[in-house]
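Summary of the model geometry
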Amino acid sequence: MEQQESEEVPPLPPRFRFRDLLLGDQSFQNDDRVQVEFYVNENTFKERLKLFFIKNQRSSLRIRVFNFSLKLLTCLLYIIRVVTDNPGQGASGIHSLIFWVDRKVPVWAIQVIVAIISFLETMLLMYLSYKGNIWEQMFQVSFLLEMINTVPFIITIFWPSIRNIFIPVFLNCWLAKCALENMINDVHRAIQRTNSAMFNQVLILICTLLCLVFTGTCGIQHLERAGKNLSLFNSFYFCIVTFSTVGFGDVTPRIWPSQLLVVIMICVALVVLPLQFEELMYLWMERQKSGGNYSRHRAQTEKHVVLCVSALKIDLLMDFLNEFYAHPRLQDYYVVILCPSEMDLQVRRVLQIPLWSQRVIYLQGSVLKDQDLLRAKMDDAEACFILSSRNEVDRMAADHQTILRAWAVKDFAPNCPLYVQILKPENKFHVKFADHVVCEEEFKYAMLALNCVCPATSTLVTLLVHTSRGREGQQSPEQWQRMYGCCSGNEVYHIRVCDSKFFGEYNGKSFTYASFHAHKKYGVCLIGIKREDNKSILLNPGPRHIMAATDTCYYINITKEENSAFIFNQEERKGRNTGGLYDGPSQLPVHSIIASMGTVAMDLQNSSPPDFSGGKLVPPSVNGTGGRRPSIAPVQEIADSSSILPCDLLSDQSEDDSVFTDEKGHSSTEYVKGYPPNSPYIGSSPTLCHLLAEKAPFCCLRLDQGCRHNSFEDAKAYGFKNKLIIVSAETAGNGLYNFIVPLRAYYRPRKELNPIVLLLDNPPDNHFLEAICCFPMVYYMAGTIDNLDSLLQCGIIYADNLVVVDKESTMSAEEDYMADAKTIVNVQTMFRLFPSLSIITELTHPSNMRFMQFRAKDCYSLALSKLEKKERDKGSNLAFMFRLPFAAGRVFSISMLDTLLYQSFVKDYMILIARLLLGLDTTPGSGFLCAMKITEEDLWISTYGRLFQKLCSSSAEIPIGIYRTESHIFPTSESQVSVSVDDCEDTKDKGDESRSNDQSDHPLLRKKSMQWARRLSKKSVRWQGVTRDSSKDHSQRIAQQRLNLYRRSEREELSELVRNRMRHLGLPTSGYDEQNDQQNTLSYVLINPSPDTRLELNDVVYLIRSDPLAHVPDEPPVHRSSLKERNESISDTKEDTQL
């Protein structure tokens, strides 16, 4: 039917089809319709000529080229006429030789033809550009020159007797200069390209110089026909010598007309050239500020990345350049910086250093302008890094600018990989299209939270994401600095199993087996794996994961395997018995790491597979009896379900068996495991956490105010069993949510959950309270760290960790490095008031960490400062690593994590691994970071390698490093000298003497005050001898009190101040501990130490524990019985590593 209907309707003529479609009904066709054609321009002969000669880009360009060629031809014809000219023939006399020349007929004919064409073209262009004022066009310099050089030739056609008259055709060089400028503009307009103003100005200057020289040469040569009859070359020589102010004097004009011309030309040059040079210098200075362009040819033949920032600071620039160029494969890359602000003096000086000047290009421009993106050749860039300005007071506005920049780059160059840094987590979903995104507040709060349960996590992660060769501190006389510096060179690398020497032999064996033996044999720490058919990285997937040839391994080592040379030592195998895996310290593999040109030579003491058929490690006796603990079990090649202790934290068997109650008698059933119901922002990763069965009312979240549900008004009243974690922040931003989640994750034992108190300058809003009210033991309080009453009310004397978050309002200051001044002074005050408290501080500038826990005239700190300067002079990226607060994990700056984004350009997995370590992402089957402490009962394990085997064989945990705390006697400085009264007075009793000797921080300045007090007391005693006996005893008591007052140390004064404030607030003073001082210890992190590293008491070992939910049995009763049997079987062995 449709075909028949289509055949019945006749087709419309082509010219009416579209019009009829617009009109709708085709049945009303009549013969009075008229076709109307519309023109963009006026359809007249003049407009068509104007379109061809002026408006159309390509046709006008052809006209410009033709006109330029005509002018060059006229100049060439003039030179030919001069060369063929014979001044001796024809007229004689000065005037005759000047006004008449010898012009050959062929030359004259060509000149006439060219003149006619030029004249007609000039008149046509004048007609087309006529705008009502004919005189303005007639008196233009270019029009007058055209008339002078063309009209006389046309006249000679009709008046042959003046055919040899002199015509200054050489003046056409100026018309050629104008034609060349117009032609260049039309060229760039035709190809839609913005020409460089610098290029135009240089071209104009060169053309002006050539025209001046050519005009002077031709003019002097012609006028000297009546004088010395100079040749064209001699005239050119004279002009060059004259304009260069050399003036040899061997060629000079003889007649006055030529001398007058020289004067005129010099005056013109003195006026024109300085103007041109001034314009050129101005453009040069502007170009130095804007940075010029990155040429298309370089972009296509060389590799470059673009760095987009709001304001470029010297610290940011050096961190980027040092980390980016630390990788050998990036040495040939260029860095193009696109910044809207002008380059400051410090950045300019750095970029003038030959090391950077040859491969760093600074462009001043906006990312939102396509022209500036074209200048940076963004479409040809290998990557684009967009960094936020964290020093802005309004961080939300800084994020909005970053988002717009990311959108602009994605719109202009959709194929360019994007590396974006964002500040606020709620803005992260706007840039989720980027290839790699680092949210500053997410990482910051998660890292600070882990610092409270895994000490110095911030230092651990910072060292992992920095590129280093591990040579820092190797010249230091102190052992801890050499070990710490060597282990800091460990980084995360990846390789496929089938391509690896480290892991290739473990194909088909369990992950735990491969990790342990790779560490024992090669000194590398296998931490994660990725299947070929799965994009997710799994940290420590456990012993049930079987290694496949196509798996990608992620390991920690001093360098990647491709840069390693293997040296097998066979000598020690000969005297080696087959009794056990570790029969003595000498049998442990000693890894001599020789870092030379990026290559590591590894001394492999035992490359043969271990033999488990013999005996096992025999530990020391237990409790002095003849009974011995069994040796460490071998790590199985294939997982055995009976040999691995199952762990199902969902059932929480150990906690269900015991009667667990919280602080006020509430049963443990009030805590459930689940996913937080309210996320404060879009894009947060769901994490299984400990939650309250019912949400807490908002009024119960306020720590310092009672409500109808409870009457507690301070931390002491709650009776917390575990130490508090206090967080001091300015506002309750969404980033604080990432501080709470890692501390309430399901794999944290319920008995070890620490109460969290948020000490906020500004009260939180209901949106934030709604997000945290489902978590147990999370409270908030309004207050600041510079208010002692606020600190005491929030329970600082019952806290184990105090986290001081950098405040947004203080991140910017008139003097850049003063942004941390208030934070540093407040933390120093708390350090003096509460010396036993672990204070974790975030700073804006890493260089300010040298002021943390500051001690004036401290010799040891001075030595560390010198060491830092030496390491910086050697080019180290981690010169600040030896500062004691950083090494101990007490100070952190988010700018240290900028290298995480830079390093992801080479290692695209680093951001994901860092998120898994910090608990920001929870991938099913992936492990998590935790820590265990070495106690006296664990010292029988002896070495780190044996501990590795112990953990892998028993609980399938992978150790990755050690946090070590050592007692250290710091050199006594003048500021810490304690001066006792015994130095000046022998009548002091023994009780006072012992108390004074215990005081270690008495200020030296107090010595004169005490001497003054004694003299005053002695004078008062002598004066009282002449007074009444009743007042004598009273005065003596006052003098003794005054003397005791001056005997008090600074420590006692601070303690008394804290006690007085606690009494004023109605708080008990029994919990205030003033004796536990951590000032005589130092702590540091050892990443992936060698297996023969000796374990020490109180070492904290970083572990990656496998996911407890990865292999949960389907039948809970069977699981519980097996767990009970497993606990009974291992209870008498006493080989559990205490956590």
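Quick look at the structure, then. These numbers were taken from a predicted model, which means no experiment stands behind them.

Reading guide: rules and limits
- Residues numbered from 1 in each chain as written.
- Predicted model: local features only at pLDDT ≥ 70, side-chain atom pairs only at ≥ 80, totals over all residues.
- Heavy atoms only, no water.
- Patch = residues over 30% accessible without salt bridge, like charges linked within 9 Å, V, L, I, M, F, W, Y side chains within 5 Å.
- Areas by Shrake-Rupley, 256 points an atom, 1.4 Å probe, with all protein chains shown as cover.
- Salt bridge = Lys/Arg side-chain N within 4 Å of Asp/Glu carboxyl O.
- Helix = DSSP H or I, 4+ residues; strand = E, 2+ residues; numbered from the N terminus.
- Pairing = 2+ DSSP bridges.
- Buried < 20%, exposed > 50% of the residue type's maximum accessible area, 1.4 Å probe, protein only.
- Expected span 1.5 Å × (residues − 1).
- Contact = heavy atoms within 4.5 Å.
- Polar contact = N/O pair within 3.5 Å; in protein donor to acceptor, adjacent residues only side chain to side chain.
- Core = buried A, V, L, I, M, F, W, Y, C linked by side-chain atoms within 4.5 Å.
- Phe/Tyr/Trp six-rings, centres within 6.5 Å; stacked < 30°, edge-to-face > 60°.
- Lys NZ or Arg CZ within 6 Å of the ring centre and 35° of its normal.
- Axes fitted to C-alpha atoms, helices over the stretch in contact; angles between N-to-C directions.
- Parallel < 35°, antiparallel > 145°, perpendicular 65-115°, else oblique.
- Nonpolar A, V, L, I, M, F, W, Y, C, P; charged D, E, K, R; others polar.

Where nonpolar side chains cluster on the molecular surface, the patch consists of Tyr 130, Ile 134, Trp 135, Met 138, Phe 139 and Leu 144 and spans about 600 Å² of accessible area. Per-element tally for the nonpolar patch: the top contributor is helix α7 (residues 134–138), with 3 residues. Tracing the chain through its elements places Tyr 130 in the loop between α6 (105–128) and α7.

Read across the sheet, 4 strands follow the order β7-β10-β8-β9 without closing on themselves; strand pairing throughout is antiparallel. Where the open sheet ends on each side, the last strands, each with one partner, are β7 (491–496) and β9 (538–539). Pairing geometry for strand β8 (residues 525–530) and strand β10 (residues 552–557), over 5 bridges, is antiparallel. Looking across to β10, one finds that Ile 529 is bridged to Cys 553.

All right, on to the pattern of salt bridges then. Inspection of every chain in the model, using the stated rule, returns 25 salt bridges. The partner of Asp 921 in a salt bridge is Arg 915, with the nearest N and O atoms 2.8 Å apart. Judged by its relative accessible area of 17%, Asp 921 is buried. We classify Arg 915 as buried; its relative accessible area is 9%. Ionic pairing is found between Arg 964 and Glu 1096, a salt bridge with its closest N-O pair at 3.6 Å. One end of the pair, Arg 964, is in strand β23 (residues 958–967); the other, Glu 1096, is in the loop between β24 (1081–1087) and β25 (1100–1105), and 132 residues separate them in sequence.

This paragraph deals with helix α18 (residues 395–412). With 18 residues, α18 extends 26 Å between its outermost C-alpha atoms, agreeing within 8% with the 26 Å of an ideal straight helix rising 1.5 Å per residue. For α18, the set of buried residues is Arg 395, Ala 398, Asp 399, Thr 402, Ile 403, Arg 405, Ala 406, Ala 408 and Val 409. Where the residues of α18 are buried, they touch α17 (370–375), β4 (383–386), β5 (418–422) and α19 (440–453). At the N-terminal end of α18, a side-chain oxygen is found 3.3 Å from the backbone nitrogen of Met 396, two or three residues along, and the residue is Asp 394.

Moving on, we come to the nonpolar core. Formed by 206 residues in total, the largest nonpolar core has its most connected members in Phe 385 and Phe 739. Here this core gets 8 residues from one element, more than from any other, and that element is α19. Apart from the residues within four sequence positions on either side, Phe 385 is in contact with Val 305, Val 306, Leu 307, Cys 308, Phe 320, Phe 324, Tyr 419, Leu 901, Tyr 902 and Phe 905. Membership of the second largest hydrophobic core comes to 29 residues, among which are Val 367, Leu 373, Ile 386 and Ile 422.

Attention shifts here to unusual backbone geometry. Excluding glycine, residues mostly have negative phi values, and the peptide bonds linking residues are mostly trans. The backbone of Ala 456 shows a phi angle near 65 degrees, a positive value even though the residue is not glycine. Inspection of the secondary structure assignment puts Ala 456 in the loop between α19 and α20 (457–465). At Ala 956, a residue that is not glycine, the phi angle is positive and equals roughly 55 degrees. By the secondary structure assignment, Ala 956 is in the loop between α34 (944–954) and β23. Judged by its relative accessible area of 3%, Ala 956 falls in the buried class.

In this section: the packing of aromatic side chains. Applying the stated criterion across every chain, the model contains 36 aromatic pairs. For the pair Tyr 718 and Phe 720, a centre-to-centre distance of 5.3 Å together with 5 degrees between the ring planes defines the contact as stacked. Pair check on accessibility: Tyr 718 and Phe 720 agree, each one buried. On the numbers, 6.3 Å between centres and 85 degrees between planes, the contact of Tyr 944 with Phe 948 is edge-to-face. Of the two residues, Tyr 944 and Phe 948 are both situated in helix α34; the distance of 4 residues between them amounts to about one turn of the helix. Assigned by exposure class, Tyr 944 and Phe 948 land together as buried. Members of the aromatic cluster, connected to one another through ring pairs, are Phe 320, Phe 324, Tyr 325, Tyr 333, Trp 356, Phe 385, Tyr 419, Tyr 902 and Phe 905. Residue placement shows Arg 359 over the ring face of Tyr 325; its charged tip is 4.0 Å from the ring centre.

What follows covers the packing of helix α22 (residues 511–522) against α34. The N-to-C vectors of α22 and α34 enclose an angle of 175 degrees; their axes lie 10 Å apart at closest approach. By the angle between their directions, the pair α22 and α34 is classed as roughly antiparallel. For the pair α22 and α34, contact is made by Thr 512, Ser 515, Phe 516 and His 519 and by Tyr 944, Gly 945, Phe 948, Gln 949 and Cys 952, respectively. In the contact of α22 with α34, the residues fall into 4 nonpolar, 5 polar and no charged.

Note on strand geometry: in a regular strand, side chains alternate between the two faces of the sheet. Within β10, 6 of the 6 residues are buried, leaving the element largely enclosed by the surrounding structure. Residue alternation in β10 divides its side chains into two sets, Thr 552, Tyr 554 and Ile 556 and Cys 553, Tyr 555 and Asn 557, and both sets are buried. As paired elements, β7 and β10 share 6 bridges and run antiparallel to each other. Bridge assignment links Ile 495 to a residue of β10, and that residue is Cys 553.

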